[in-house]
Amino acid sequence: MAKIFLAPTVSHISGKVGEGVYMISAKGGMSYLRNYSYPTLTANNHEKGAIMDHLSYLWNSEINSGYKTDMKAYAIEYHALANYGKPRSDRAYSAFAVFVMLLFAIKKAHSATIDLKTVTMAQLNAISPPVTNIADQTTAGLLPITPNSMEYIANWD
């Protein structure tokens, strides 16, 4: 690791340039430089990647367009909810991100029957009580309730 001293008009440099990574220091006018190294991927990284690949396939190929439209509107409302526990963090506003959050909540509630790497729409539709639309999903506690969440009744299949 090397110290980089900067011109008086530059307070710090951060980011990757070529094979070097610049890091901010506590002292103004100085940054650190280290060699870039790619992190080692673990089995957990590969498992999460397989899950996300499958959930992306479900979202793009299996989910009804009416449900996607409702999820986009719900995601905007979800993003606007107050975040009391972490006031400086921001909620997701992507419809796909909220869909992923929903499926992880379903997995947590039904861990014996749901494997996110291989789950099918038939398995999701067989959940009791049925949670095929956003109104049902918020009622079941899988998603937070928003002001208009009971109006989103388009089924996902």
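Everything that follows concerns the structure shown earlier in this document.
**Structural notes on the pairing of strand β4 (residues 30-35)**
Remember that side chains alternate between the two faces of the sheet whenever the strand is regular. Bridge count between strand β1 (residues 2-5) and β4: four bridges; the pairing is antiparallel. In the sheet register, Ile 4 faces β4, and the bridge partner there is Ser 31. In this antiparallel pair of consecutive strands, strand β3 (residues 20-24) and β4, the connection spans five residues, and Gly 29 shows a positive phi of 80 degrees.

**Concerning the environment of Thr 69**
Within the secondary structure layout, Thr 69 lies in helix α2 (residues 65-80). Between the C-alpha atom of Thr 69 and that of Tyr 152, which follows or precedes it by 83 residues, the distance is 9.2 Å.

**Details of the nonpolar core**
Within the largest apolar cluster, 29 residues are counted, with the highest numbers of intra-cluster contacts made by Tyr 67, Met 71, Ile 106, Leu 124 and Trp 156. Secondary-structure elements contributing two or more residues to this core are α1 (43-62), α2, α3 (95-109) and α4 (121-125). It is α3 that contributes the most residues to this core, seven residues altogether.

Conventions and cut-offs
- The numbers attached to residues start from 1 for each chain and follow its sequence in the written order.
- With pLDDT at 70 or above as the cut-off, local features in this predicted model cover only qualifying residues; side-chain atom pairs require 80 or more to be listed or tallied, and sums for whole chains, interfaces and linings still use all residues.
- Side-chain metrics rest on all non-hydrogen atoms present in the structure, leaving aside hydrogens and water.
- Only strands joined by at least two bridges in the DSSP assignment are considered to pair.
- Numbering of helices and strands runs from the N terminus; a helix is a DSSP stretch of H or I covering at least four residues, while a strand is a stretch of E covering at least two.
- Residue types Ala, Val, Leu, Ile, Met, Phe, Trp, Tyr and Cys, when buried and joined through side-chain atoms within 4.5 Å, form a set referred to as a nonpolar core.
- The cut-offs for exposure are 20% and 50% of the maximum accessible area for each residue type, with area from a 1.4 Å probe on protein chains only; residues under the lower value are buried, those over the upper are exposed, and the others partly exposed.

These results come straight from atomic positions and should not be treated as a statement about function.
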